Amino acid sequence: MKQGKFITIEGGEGVGKSTQIAGLRQNLISRGYEVIVTREPGGTPRAERIRELLLENSTEPMPASCELLLMFAARATHVENVIRPALERGAWVVCDRFIDATYAYQGGARGFDVGLISVLEKAVLGMLRPDLTILLDAPVEIASARARLRNQASGNSDRFEREQQAFFERVRTTYLERARQEPNRICVLDATQSPEEVGAAIGEALRARLGKAIGDSG
Ligand code: TMP
């Protein structure tokens, strides 16, 4: 059985990931694939419990090392119980955030040692890497304004969303740096465009980078 493809969607808060993931899912289903949409941190019952620990606003401060290890603990159970089995049976996996988020948030923004992140990456992922990563990029002021609107509607913001603008600037810079280092895997798209334009650009990235796999000669 042919291995499925692994696509990850990355970006700061408020860049419109959820809308685009829904569109991408429909696109792939219409091509006849089994599609698993999942997210990090989370994606399994245990990893979703770890997500709650990571996002909750608690009076107990969370050391950067605790945050980093919880991210990888959630990722380990998610990779072994959902992502790998799905890819092995030929399904396509679309994941809302993955390893690049750890480099951007825990590495770039929190300032955690990148060498250690890379050791944990090897221990938890082995050879597994996304086939394609879509980085939805927008200036922090624009994306934060969108995130604020969403949070006003839901009435709450999580531990990460309470960070200051400088934190999200570092997240953005680190994501863009990674995209420059891995241009074949990471495709940067301008998330200030309309959702339709971004959706079309994602379709184009799929054709250009996974063209053979999606059976599209165009
Ligand atoms: P979400 O709001 O996009 O679901 O993500 C939850 C938060 O977790 C988001 O603020 C980014 C953060 N995060 C990290 O800090 N490191 C990671 O490795 C991942 C996957 C997410």
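Located above this text is the structure these notes cover.
Attention in this report is confined to the structure presented alongside it. (Residues numbered from 1 in each chain as written. Predicted model: local features only at pLDDT ≥ 70, side-chain atom pairs only at ≥ 80, totals over all residues. Heavy atoms only, no water.)

1. Focus: the overall build of the chain
What counts here: Numbering goes from the N terminus for both helices and strands, where a helix is a DSSP run of H or I of at least four residues and a strand is a run of E of at least two. Burial classification: accessible surface area is computed with a 1.4 Å probe over protein chains only, and a residue below 20% of its type maximum counts as buried, one above 50% as exposed, and the rest as partly exposed. Each accessible area is a Shrake-Rupley result for a 1.4 Å probe, and residues are judged covered by the shown protein chains and nothing else. For the purpose of charge, His is not counted, nor are the chain termini; Lys and Arg are scored as positive and Asp and Glu as negative. Note that the charge is assigned to NZ on lysines, CZ on arginines, CG on aspartates and CD on glutamates.
Tallying secondary structure elements over the chain gives eight helices and five strands in all. Element order for the chain, N to C, with α for helix and β for strand: β-α-β-α-α-β-α-α-β-α-α-β-α. Judged by the C-alpha coordinates and their principal axes, the chain covers about 55 × 35 × 35 Å. Here the chain holds 218 residues, and the buried ones make up 48% of them. If you sum the accessible surface of the chain, you get close to 10700 Å²; carbon and sulfur atoms cover 53% of it. If the 29 positive side-chain charges of the chain are averaged to one point and the 29 negative ones to another, these points end up 3 Å apart.

2. Some remarks on the packing of aromatic side chains
In plain terms, the rule: Stacked, tilted and edge-to-face are the three classes assigned to paired rings of Phe, Tyr and Trp, where Trp is represented by its six-membered ring and a pair needs centres within 6.5 Å; plane angles under 30 degrees give stacked, over 60 edge-to-face, the rest tilted. Only when the NZ atom of a Lys or the CZ atom of an Arg is both within 6 Å of the ring centre and within 35 degrees of the ring normal do we say a charge sits over the ring.
Summed over all chains, the structure comprises six aromatic pairs. Every member of this aromatic cluster is reached through a ring pair, and the members are Y105, F160, F167, F168 and Y175. Between R178 and the ring centre of Y103, over which it is positioned, the NZ or CZ distance is 3.9 Å.

3. Quick notes on the site of the ligand
Here is the rule we go by: Proximity is defined per residue: if any heavy atom of the residue lies within 4 Å of a molecule or strand, that residue is considered near it. Identification of polar contacts relies on pairs of N or O atoms within 3.5 Å, with a donor-acceptor requirement for protein atoms, meaning one able to donate a hydrogen and the other able to accept it, and with residues adjacent in sequence counted only if both atoms are side-chain atoms. In this classification, the charged set is Asp, Glu, Lys and Arg, the nonpolar set is Ala, Val, Leu, Ile, Met, Phe, Trp, Tyr, Cys and Pro, and all remaining amino acids, among them Gly, are polar.
What surrounds the ligand is a group of 14 residues, the closest being E13, R51, R97, T102 and Q106. Side-chain polar atom of E13 to an oxygen atom of the ligand: 2.9 Å apart, as the coordinates give it. With respect to the ligand, the side chain of R75 contributes an N or O atom lying 3.1 Å from an oxygen atom. Here the ligand, which alone exposes 480 Å², has 94% of that area covered by the protein. Only helix 2 (45-55), helix 3 (64-88) and helix 4 (99-109) provide two or more residues apiece to the shell around the ligand. With four residues, the single largest contributor to the shell around the ligand is helix 4. In terms of residue class, the shell around the ligand is built from six nonpolar, two polar and six charged.

4. A short note on the packing of helix 3 against helix 4
Where we set the bar: Inter-axis angles, ranging from 0 to 180 degrees, are taken between N-to-C directions of lines fitted to C-alpha atoms, where helices are fitted over the stretch in contact. Our angle categories are set so that under 35 degrees counts as roughly parallel, over 145 as roughly antiparallel, 65 to 115 as roughly perpendicular, and the remainder as oblique. Note on contacts: a residue pair qualifies if any of its non-hydrogen atoms lie within 4.5 Å across the two residues.
The contact between helix 3 and helix 4 brings their axes to 11 Å, and the two run at 175°. As judged from the angle between their axes, helix 3 and helix 4 are roughly antiparallel. Residues E67, L68, M71, F72 and R75 of helix 3 lie in contact with helix 4, whose contacting residues are I99, T102 and Q106. Classifying every residue of the contact of helix 3 with helix 4 by side-chain character gives four nonpolar, two polar and two charged.

5. What to know about helix 4
Side chains of residues three or four places apart in an α-helix project in the same direction, reflecting 3.6 residues per turn. Of all 11 residues that make up helix 4, 10 are buried, and the element is covered over most of its length. Those residues of helix 4 not exposed but buried are I99, D100, A101, T102, Y103, A104, Y105, Q106, G107 and A109. Among the residues trailing helix 4, G111 stands out with phi positive, at a value near 80°.

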